[in-house]
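Take a look at the letters that make up each chain.
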Amino acid sequence: MTENVVPSICRNCLAYCPILVTVEDGRAVKVTGDPQAPAFDGYSCPKGRALPAMHNGPERLLKCLQRDADGSHAVIDSAAAMDQIAARVQDILVKYGPRSIAMYNGSGQVSHPIGVPIARAWLRAIKSRMAFSAASIDKPAEYTSVAMHGNWHAGLQTFETSDTWIIVGANPIIAKSNGGPLNNPGARLKEAEQRGMKMIVIDPRRSETARRAHVHLQPRPGQDPALLAGIIHIIIEDGLYDADFVASNAEGFEALKASVAAYTPAFVAQRADVPVDQLLAAARTFGSGKRGGVACSTGPSFATHSNLTYYLALCLNTLCGRWARAGDRAPNPNVLLPAFTPRAQPYAPYPVMSDRPMRVHGLVENASGMPTAALADEILLDGEGQIKVLFCLGGNPVTAWPDQAKTEAALKKLELLVVLDYQMTATAHFAHYVIPPPLSLELPGTTQMVESLKYYGVSRGYAIPWAQYASAVAQVPPQSDLLDDAAVFFGLAQRMGLQLDWINMRGQGPNLEGTTQTIPLDMTRLPSTDELIELACSDSRVPLEQVKARPHGNVYDIDVRVQPRDHDCSAMLQLGDPMMMEELRALHAEGAENKTDPAFPFHLVCRRTNNFMNSMGQSIPTLSGGKTHTPAFMHSSDLNVLGIEDGALITVRSCHGHMLARVKTDDNLRQGLVSVVHGFGAPMTQAAATSELALGSVTRLINMDERDPISGIPRMSGVPVTVQAFELS
Ligand SMILES: Nc1nc2c(c(=O)[nH]1)N[C@H]1C(S)=C(S)[C@@H](COP(=O)(O)OP(=O)(O)OC[C@H]3O[C@@H](n4cnc5c(=O)[nH]c(N)nc54)[C@H](O)[C@@H]3O)O[C@H]1N2
Ligand SMILES: Nc1nc2c(c(=O)[nH]1)N[C@H]1C(S)=C(S)[C@@H](COP(=O)(O)OP(=O)(O)OC[C@H]3O[C@@H](n4cnc5c(=O)[nH]c(N)nc54)[C@H](O)[C@@H]3O)O[C@H]1N2
Ligand code: SF4
Ligand SMILES: [Mo]
């Protein structure tokens, strides 16, 4: 037996932690954090340490599957599956045109992002614009708000250099997504506290992050736009904003000032149900700090008025001049992306909506992409342009898209559903073909994708010039027949006689930094993952070879300073977008009172948890403890009033649907809440099979009728619900 311990990268979430993998005879048997890697202090989480179980577990699919007429799946050779899929797609393309073919990229692609450009190249080659992703049901306001407000070339001031910081509905200690550093955030937050940073967290739950806050505002869910408008109001009243910065870089100040005038501390405190002195303390702490930033995440994204919340967060950053200034050390001037010298200047706003319509709900392709929330309805609506084929890459629509019943109906209606996933998910159950990929430890990878996150939202990605390359450290299981995304779409292109072009896209939105490199691929031979990585890194600041030479990763000493504004730059940030000002007015007109519907007295809120990455990890016993469900967390005083015991079965019902769950006490929650992790639950058609499977997916409660007018994301947090003890009828 040969055993080695080799460095690699955990690619299960966006932190991309450096790890050490113990490999025995080509199999990964143990994963730990890598103490030799700088910046992460040897950190790893349970999901990372479960990589061997994920790679070697019994649930892993090792061969392609094809669905039979009776709905069961049988093994099929990958080449035969590809031949059949190519022929079917070609037929449908001829018959119904490119719009009938859609792709959905889910968050599983975090584990192997290098295949995405090939998949998208294939979609371009067949001339379909039907490219959907999880981004538009995640934080679409991240993109729409930037379109309306504009962006800052040098990015936000960094967490590491700030003395104050506002986090709105994020829990970076667990989720490592938005609002805080990705490299061992728990340790970084502790350091920040020790150096005197005053952090303000807005979260109806006393989350792991909120426990570290100087001020924790624990409001009713969905009150973030009112709270941020109130904070802006106080900062303007107290003269705590940076008038010089605003005068030189923004317009619309007077409109914003007038629109927040009615958001007095008393009004906001009553509406959000927070103590008025806490609200004042939050505003004054942030306003009187020297450096800082406001970052939002899924909490406010899933609640109503998400564009407005994110927009006001950007306005607050601009009012207080919290963007990186000339002479600052550039936060992360790129390592594996092209060299970048930021300037202390705005990018102007740009249109938030395109003229490319969906056929449903009056939605259009917008700054956050095609509205995934409306995809099921788009599939279900008969007529010209209907989607007939869906490729689902590393996604699990049945437990992720709003309205599970509708999602299942839509998936059943498709003429062809191809799911690329390593396990038989609730979605794969409906697939005509399931194609399993090699998993991350069997593939090379780099941290380049995490660097590029800064193009997907302010304060995202690494603020430090950290980079790592990992070679494939484990072998694919013997007798397996696996294809990664690149192999699937390259193979389809070959079979359909299509030319694919590799595009190195740098940036997002029409005004963001970036060159676009287009490289036609040699279609005679499938490029290896390493060749694709070389293409993606061909213009990197630090040559890939040098990054490969540091297998434990490295923080590069790149001292680039933010340059002053260009003489010919006339762009201004926009503080008074008319649509946002009108929304502020309409929201205020709702009044300060709590208008809870007595028929639905509780509010469902979202959350993440350490052991699962959305729907991943449920089949790994060390993560799930053998359970196939997730609890509904509630405050003990609510349970007392309802006479429901911890661990009992409950029905959670919205105006749209219901789910069964086991209740679990969590006194970190505000009263009146039901906090549930998404990603669990079997298909509804299977659900009656056993009582454990019947414990459902939270998406059953989500109603597409109440959706955002721009991105289409429905209300997925702060959803009015009722709770009852479950009784067998
Ligand atoms: N009600 C409600 N709805 C929500 C949310 C919520 O909190 N509440 N959250 C929303 C958010 S933020 C998101 S991002 C979406 C998530 O939506 P999705 O991305 O559609 O769902 P996931 O469960 O993340 O699915 C990821 C899939 O990738 C697979 N996978 C993992 N690794 C690999 C790999 O290496 N290769 C391949 N091919 N597949 C792999 C996993 O097995 C899993 O099935 O859901 C959204 N929907
Ligand atoms: N361990 C782990 N990490 C993950 C994931 C995972 O499933 N597990 N998922 C990944 C994905 S896809 C994403 S998008 C990110 C998400 O990353 P985050 O957005 O940081 O997700 P959460 O940890 O759920 O934090 C959201 C917080 O919002 C609060 N909240 C709920 N409703 C409201 C509201 O109306 N207003 C406010 N202010 N707060 C509210 C919740 O109580 C919760 O604490 O995490 C990523 N990382
Ligand atoms: S936080 Fe956990 S899942 Fe995410 S990259 Fe690090 S070890 Fe992997
Ligand atoms: Mo997400």
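What you see is a predicted model; the values in this text were computed from it and never measured.

Criteria and cut-off values
Residues numbered from 1 in each chain as written. Chains lettered and ligands numbered in written order. Predicted model: local features only at pLDDT ≥ 70, side-chain atom pairs only at ≥ 80, totals over all residues. Heavy atoms only, no water. Pairing = 2+ DSSP bridges. Helix = DSSP H or I, 4+ residues; strand = E, 2+ residues; numbered from the N terminus. Axes fitted to C-alpha atoms, helices over the stretch in contact; angles between N-to-C directions. Contact = heavy atoms within 4.5 Å. 1 Å grid on protein atoms, 1.4 Å probe; cavity = no way out; pocket = protein on both sides within 12 Å on 5 of 7 lines; lining within 4 Å. Points joined across faces, edges and corners; volume = space filled by probe spheres on them. Nonpolar A, V, L, I, M, F, W, Y, C, P; charged D, E, K, R; others polar. Near = heavy atom within 4 Å. Sits in = over half its atoms within 2 Å of the grid points. Domains from an automatic or database assignment. Buried area = accessible area lost by both parts, 1.4 Å probe. Salt bridge = Lys/Arg side-chain N within 4 Å of Asp/Glu carboxyl O. Polar contact = N/O pair within 3.5 Å; in protein donor to acceptor, adjacent residues only side chain to side chain. Areas by Shrake-Rupley, 256 points an atom, 1.4 Å probe, with all protein chains shown as cover.

**Some details on the sheet that holds strand β19 (residues 433-435)**
At step 1: Overall, mixed pairing links the seven strands, which are arranged β5-β4-β19-β18-β17-β6-β7 in an open sheet. Only two strands of the sheet have a single neighbouring strand rather than two, namely β5 (73-76) and β7 (131-133). If you compare each strand with its neighbour and ignore which way they point, the axes differ by 20° on average.
At step 2: Those strands touched by helix α19 (residues 485-496) are β6 (101-105), β17 (389-393), β18 (416-420) and β19, and its axis lies near 150° from that of β17.

**Some remarks on empty space enclosed by the protein**
At step 1: One pass over the structure, following the stated rule, counts six cavities of 30 Å³ or more.
At step 2: The calculated volume of the largest cavity comes to roughly 110 Å³.
At step 3: Looking at the largest cavity, it is lined by 13 residues, and the ones nearest its centre are C10, C13, C17, C45 and G48.
At step 4: Among the residues making up the lining of the largest cavity, the classes are represented as eight nonpolar, three polar and two charged.

**Some points on the site of ligand 3**
At step 1: Near ligand 3, the surroundings consist of C10, N12, C13, Y16, C17, Y43, C45, K47, G48 and K176.
At step 2: The pocket occupied by ligand 3, as judged from atoms lying within 2 Å of grid points, is the largest cavity.
At step 3: For the shell around ligand 3, a count of residues per class yields six nonpolar, two polar and two charged.

**Digging into the domain arrangement of the protein chain**
At step 1: When its domains are assigned, the protein chain resolves into domain 1 (1-137 + 346-444 + 482-527), domain 2 (157-322 + 573-586) and domain 3 (596-725).
At step 2: Between domain 2 and domain 3, the contact holds 22 residues from the first and 22 residues from the second.
At step 3: For the pair domain 2 and domain 3, the summed buried surface comes to about 1,700 Å²; carbon and sulfur atoms form 58% of the total.
At step 4: Broken down residue by residue, the surface that domain 2 buries against domain 3 is led by R205, P221 and F302, which jointly contribute 36%.
At step 5: At the boundary of domain 2 and domain 3, one finds one salt bridge.
At step 6: With its nearest N and O atoms 2.7 Å apart, the salt bridge here joins D273 to R670.
At step 7: Run the count over domain 2 and domain 3 and you get eight residue pairs in polar contact (both at pLDDT 80 or more).
At step 8: Contributions of two or more residues to the side of domain 2 that touches domain 3 are made by α6 (172-175), α13 (298-302) and α14 (306-319).

**Description of the site of ligand 1**
At step 1: Around ligand 1, 29 residues are found, and the nearest of them are Y104, S107, A400, D421 and S615.
At step 2: In the environment of ligand 1, an oxygen atom lies 2.6 Å from a nitrogen or oxygen atom belonging to the side chain of Y104.
At step 3: Between ligand 1 and S615 there is a distance of 2.6 Å, counted from an oxygen atom to a side-chain nitrogen or oxygen.
At step 4: Protein contacts shield 97% of the accessible area of ligand 1, which totals 920 Å² for the unbound molecule.
At step 5: When grouped by side-chain class, the residues that make up the shell around ligand 1 number 13 nonpolar, 13 polar and three charged.

**Quick word on the layout of surface pockets**
At step 1: Estimates place the volume of the second largest pocket at around 600 Å³.
At step 2: Forming the boundary of the second largest pocket are 29 residues, of which K595, H603, R715, G718 and P720 lie nearest the centre.
At step 3: For the lining of the second largest pocket, the class distribution of residues is nine nonpolar, twelve polar and eight charged.
At step 4: Viewed by domain, the lining of the second largest pocket spans two of them, domain 2 (157-322 + 573-586) and domain 3 (596-725), each represented by three or more residues.

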